[in-house]
Amino acid sequence: DVLGFGITDALFSPGYLRDQSQQNGAQFETHEVTTEVTYRFNLWKDIALQPDYQLVINPSGNPSIATAHVVGLQLEVLL
């Protein structure tokens, strides 16, 4: 079994922030932060599952978008 954690801090370019503010009429955040936790485990010898959860703060830098929750599941089958 494998447990993983991750944190990213993505900074938006000045051009992106300017374009988004002009198109949407709002002041955008300068960055977004993503935290992630994942766990991989074998169901059988050649089959594994890996659920994943991500929390995105300031998605796209847009203040009108709430914090995003992303859930994923990966299936691995070795042939």
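Here, every reference points to the structure presented above.
What counts and what doesn't
- Residues numbered from 1 in each chain as written.
- Predicted model: local features only at pLDDT ≥ 70, side-chain atom pairs only at ≥ 80, totals over all residues.
- Heavy atoms only, no water.
- Helix = DSSP H or I, 4+ residues; strand = E, 2+ residues; numbered from the N terminus.
- Rg over C-alpha atoms; globule rule 2.2 N^0.38 Å.
- Buried < 20%, exposed > 50% of the residue type's maximum accessible area, 1.4 Å probe, protein only.
- Contact = heavy atoms within 4.5 Å.
- Areas by Shrake-Rupley, 256 points an atom, 1.4 Å probe, with all protein chains shown as cover.
- Pairing = 2+ DSSP bridges.
- Axes fitted to C-alpha atoms, helices over the stretch in contact; angles between N-to-C directions.

Draft legend 1. Inspection of the overall build of the protein chain at higher detail. Check the secondary structure of the protein chain and you find one helix and four strands. Relative to the globule expectation of 12 Å for 79 residues, the C-alpha radius of gyration of the protein chain, 17 Å, shows a markedly less compact shape. Principal-axis analysis of the C-alpha atoms places the extent of the protein chain at approximately 55 × 20 × 20 Å. A burial count over the protein chain gives 20% of its 79 residues as buried. In the protein chain, of all internal contacts separated by at least 6 residues, the share reaching a separation of at least 24 is 44%. For the protein chain, the computed accessible surface area is about 5700 Å², with 59% contributed by carbon and sulfur atoms.

Draft legend 2. Molecular detail of the sheet that holds strand 4 (residues 68-77). The antiparallel open sheet is built from four strands, whose spatial order is 1-2-3-4. Two strands close off the open sheet at either side, each with one partner strand: strand 1 (2-11) and strand 4. Taken over all neighbouring pairs, the strand axes of this sheet differ in orientation by 15° on average, direction set aside. As judged from the ten bridges shared by strand 1 and strand 2 (residues 31-44), these two strands associate in the antiparallel manner. In the sheet register, L11 faces strand 2, and the bridge partner there is H31.

Draft legend 3. Seen up close, unusual backbone geometry. Even without being glycine, N58 reaches a positive phi, approximately 60°. Inspection of the secondary structure puts N58 in the loop between strand 3 (47-57) and strand 4. For N58, a relative accessible area of 23% gives the class partly exposed. Its identity is not glycine, yet S60 carries a phi of approximately 60°, on the positive side. Note that S60 resides in the loop between strand 3 and strand 4.

Draft legend 4. Focus on the environment of T8. Topologically, T8 is positioned in strand 1. For the pair T8 and E36, spaced 28 residues apart in sequence, the C-alpha separation works out to 8.7 Å. For T8, the contacting residues outside a window of four places in its chain are E32, V33 and T34.

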